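# Overview (structure and organization)
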Amino acid sequence: MFKSKEQFKEAFIDKMQTLFGQSLDESSTTDKYVALSTLLREVISKRWYQSNKQYRATKEKQVYYFSMEFLLGRLLGSNLFNLGLTELCSEGLSELGIELDQLEAVEHDAGLGNGGLGRLAACFLDSMASLQLPGHGTGIRYRHGMFEQKIVDGYQIELPDNWLRDGYVWEMRKADRAVTVKFGGHVRLEEQGGRLIAVHENYEPVLAVPYDVPVVGANCNTVNTLRLWSAETNHFDFSSFSKGDFLKAVEHKYSLEATSQILYPDDNYPEGKTLRLKQQYFFVSAGLQSIVRRYKRTHGAAPAALARIHEKVAIHINDTHPALAVPELMRILMDEEGLGWDEAWYTTRKTISYTNHTILPEALEKWPIDLVQALLPRMYMIIHEINERFCADLWKKYPNQWERIRDMAIIGDCYVRMANLAVVGSHSVNGVAAVHSEILKKEVMANFHQFYPHRFNNKTNGVTHRRWLAKANPKLATLITETIGSGWLAHPNELASLHRYAHDPAFQAGIKAVKQANKEKLAHYIQNKMNIAVDVNSIFDVQVKRIHAYKRQTLNALHILDLYNRLKADPNLDIEPRTFIFGGKSATGYYLAKRIIKFINTLAHVINNDRAIGGKIKVAFLENYSVSLAELIMPAADVSEQISTASREASGTGNMKFMMNGAVTIGTLDGANIEIRDEVGDDNIVIFGLTADEVLSYYKHGGYNALDIYHGNPRVRTVVDQLMNGFLPVSPDEFHSIHHSLMRTNDEYFVLKDFPDYAAAQETVASLYRDQSRWQAMAINNIAFSGRFASDRTVSEYAIGIWGTKPVVIRES
Ligand code: 26W
């Protein structure tokens, strides 16, 4: 580590020479970024080596977090922060005439995820390392991550993400640790020495090569590993090649390597593609093979040792995407390590735990039997056997209850139901917020909860306050530290003592000034990128998240239209000026979501260009919402829009990031919003709308008629009509699908039902904002009570309650 600025500067200049053979003056910004990152990587590598060595020596239990997505964003800034080097390096660089911010901006976001689930995995990695827990990630090294979104004429256009274009400094290829994953072929059962052996023939081998990314803990020596698997092949079709069919030979190679080429850009919106199933098995099999190999080296390779793998290894599956871990661990333990079914089953279940992240019925994964059988014949055999045994147990407990058993079966209606597999094959099932976990137990998985009452639990989500407060909002972090000391960095619950300053005029002024500076920065960005001038004294009202019907961007947009109508009717209407900011991507095949984007952009076009309303409201849809953009947006928000239909948003995590940055939530009683309200109290949040119980009751018993609202409420009728009546400068059927979802399919997400209450809540927001000292107190209380939503709390609950792992303090050498 660098003891001083001088030492750092010297090392940096030296690195520029050894790496590129050039001086600082000759180097580009990218060169400087690479030199700095490489320098850090060397610091990190020493700790990485020590961490691995000491993990082996202490033989402590290791956790592996299996996730199809890790939405890391940029790492330079967070690595510097966790190493405690931000200040030293930024000062050192600035003495060399270099701005650290500019170097950070060079890094491509690692966008290996869609949204909430992927970013949660990234926050957990940061917290595991920072709590000194031996916890590692297992995932896929997608060649192309989340697509880059362009907005052209108001429409979303998708461009391929090419994050590896300039190489990726943070990864280390480990070619010697590659393993083979087998697809297709057939499996024959053969008796050998009194045992049935599965022989897999004519399969297609895909080589899985790991790329390791170090995960640096804050203020400790821990460096854990995120192992991302890449599909490669040694196999080259020489027979085609030698016959002169070069193309065919190359095609074959590419088709095998396709497995890790792209991230499916679907969030809560499944596209049951074969390649996706292939990806799932690919990383699960590779990950488990490498874990078992490592376990055998440390703890012994005899079957008796493997029967106890759950004592030293915990495997967590992030939603059902890695649920093949259940049959794959069974396969390894039985086919490769010689355990019998019962032993293997006991161990597998004790090893694996599962988190559910969604109750949207259409997002629950299921795979056609034919597909599973053809692509993964051995997996299918094992799943089939698990199902047979499970159904037999059910029959014993519930004789003749066909309906119940049909509902709980792992295989049914010609599909493999991944959630059922995950519940049956794990020892713990958790939801991600209190209300969500209750809905799982009472509704979605009620039968399973009756059968396995102790398996279910809640772990409310969290976000890393290091990235989302300390790093994203350095001005706020400084102000907090000046006021209550720096203890909150290690113990975010200490933020609570800010509560005492909620009504302190000087502190309020400080909070306001920080917010203002952050708003100016965002306003600059909006001006430069979109050529929209926004009023930095207006309320920054923000909804950024994936575009999805249940998240109800439509409710927000219709309310903006209503506000615009009122302003047009009365240009003197005394409203609090507002800037409505949106951001988010739609799944590529999700037609309705794409029209919602166009709708928002159409509103922006109409409203921003209407001089008659005197700039009182503005609308901006920010292109390409991503982790890095979120780091710019969260600190600048006054109002956080968390308006999903109650019961549909499992938790939400954006809500927590906004709160930490002092935004006030307008939201429904859904997901973690409920717990946010419990922390801050009713005075510091604006709640509206149906409750989860009410929504679930409508879904079950009916009783809602959207047309009643439409006919009974003139403001609602006007905005709904404006979708189709030529009021907006688009072709008449442009927003037909939105209109249809509200009026023809009875408004599945209760947009119209909640509209009046939402509009009233927005008035409350405006009047609260007018009382600036009241508002600043609310902002301060939100920051003060956000400690509970730090992922350090969440991860330590997982460690104690599910994984049974404890911290390992890594010594320097
Ligand atoms: C198969 C298509 C698909 C892809 C992704 C279905 C479902 C998913 C994810 C499970 C969706 C997701 O990201 N869920 C979000 O998880 C967050 C972290 O727990 C929660 O905060 C969000 O409420 C939830 O929508």
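Let us look at the structure shown here. (Residues numbered from 1 in each chain as written. Predicted model: local features only at pLDDT ≥ 70, side-chain atom pairs only at ≥ 80, totals over all residues. Heavy atoms only, no water.)

## Some remarks on the overall build of the chain
From N to C terminus, the chain includes 34 helices and 25 strands. The C-alpha radius of gyration computed for the chain amounts to 27 Å, which stays within 12% of the reference 28 Å derived for 813 residues, consistent with globular compactness. Overall, the chain is about 90 × 75 × 60 Å in size when its C-alpha atoms are taken along their principal axes. The 813 residues of the chain split such that 61% are buried. Summing over all exposed atoms, the chain offers an accessible surface of approximately 31,100 Å²; the carbon and sulfur share of this is 51%. Both charge centroids of the chain, one from 90 positive and one from 94 negative side chains, sit 4 Å from each other. (Helix = DSSP H or I, 4+ residues; strand = E, 2+ residues; numbered from the N terminus. Rg over C-alpha atoms; globule rule 2.2 N^0.38 Å. Buried < 20%, exposed > 50% of the residue type's maximum accessible area, 1.4 Å probe, protein only. Areas by Shrake-Rupley, 256 points an atom, 1.4 Å probe, with all protein chains shown as cover. Lys, Arg positive; Asp, Glu negative; His and termini not counted. Charge placed at Lys NZ, Arg CZ, Asp CG, Glu CD.)

## Brief notes about the layout of surface pockets
Its volume calculated, the second largest pocket comes out at about 530 Å³. Along its surface, the second largest pocket is lined by 23 residues, and N52, R177, D212, R227 and R294 are the ones closest to its centre. Elements with a minimum of two residues in the lining of the second largest pocket: helix 2 (29-58), strand 4 (135-140), strand 12 (223-232) and helix 9 (274-299). Partitioned by chemical class, the residues of the lining of the second largest pocket number 6 nonpolar, 8 polar and 9 charged. (1 Å grid on protein atoms, 1.4 Å probe; cavity = no way out; pocket = protein on both sides within 12 Å on 5 of 7 lines; lining within 4 Å. Points joined across faces, edges and corners; volume = space filled by probe spheres on them. Nonpolar A, V, L, I, M, F, W, Y, C, P; charged D, E, K, R; others polar.)

## Examining the packing of helix 23 (residues 553-569) against helix 24 (residues 591-608)
Close contact between helix 23 and helix 24 brings their axes to 10 Å; oriented N to C, the two are set at 20°. What the angle tells us is that helix 23 and helix 24 run roughly parallel. The two elements helix 23 and helix 24 meet at a crossing, and its hand is left-handed. Residue-level inspection shows Q553, T554, A557, L558, I560, L561 and Y564 of helix 23 in contact with helix 24, the latter providing I596, F599, I600, L603, V606 and I607. Along the lines of polarity and charge, the residues of the contact of helix 23 with helix 24 split into 11 nonpolar, 2 polar and no charged. (Axes fitted to C-alpha atoms, helices over the stretch in contact; angles between N-to-C directions. Parallel < 35°, antiparallel > 145°, perpendicular 65-115°, else oblique. Left-handed = near helix turned anticlockwise from the far one by under 90°. Contact = heavy atoms within 4.5 Å.)

## Points about unusual backbone geometry
Residue Q132 is not a glycine yet carries a positive backbone phi of 60°. Positive phi values are uncommon outside glycine, yet D747 reaches one of about 50°. Tracing the chain through its elements places D747 in the loop between helix 31 (736-743) and helix 32 (751-770).

## Details of empty space enclosed by the protein
Applying the stated criterion across every chain yields a total of 4 cavities of 30 Å³ or more. By volume, the largest cavity is sized at about 220 Å³. Along its surface, the largest cavity is lined by 18 residues, and L75, S78, D126, V215 and R467 are the ones closest to its centre. Split into classes, the residues belonging to the lining of the largest cavity amount to 10 nonpolar, 4 polar and 4 charged. In this structure, the second largest cavity spans a volume of roughly 100 Å³. The wall of the second largest cavity is formed by 13 residues, among which Q62, Y64, R294, T298 and H299 lie closest to the centre. With 5 residues, the top contributor of residues to the lining of the second largest cavity is helix 9. A class-by-class count of the residues in the lining of the second largest cavity yields 5 nonpolar, 3 polar and 5 charged.

## Description of the pattern of salt bridges
Once the charged atoms of two side chains with opposite charge are near each other, the side chains can pair. Tallied over the entire structure, the rule returns 48 salt bridges. Taking the shortest distance from any N to any O, the salt bridge between R74 and D109 comes out at 3.6 Å. Here the residue R74 occupies a position in the loop between strand 2 (70-73) and helix 3 (76-83), and D109 occupies one in the loop between helix 5 (100-106) and strand 3 (110-112), the gap between them amounting to 35 residues. E232 serves as the salt-bridge partner of R173, at 2.7 Å between the closest nitrogen and oxygen. With a gap of 59 residues between them, R173 in strand 7 (residues 172-173) and E232 in strand 12 connect regions that are remote in the sequence. A relative accessible area of 43% means that R173 is categorised as partly exposed. Shared partners join several salt bridges into a network, and the residues in it are K5, E6, K9, E91 and E95. (Salt bridge = Lys/Arg side-chain N within 4 Å of Asp/Glu carboxyl O.)

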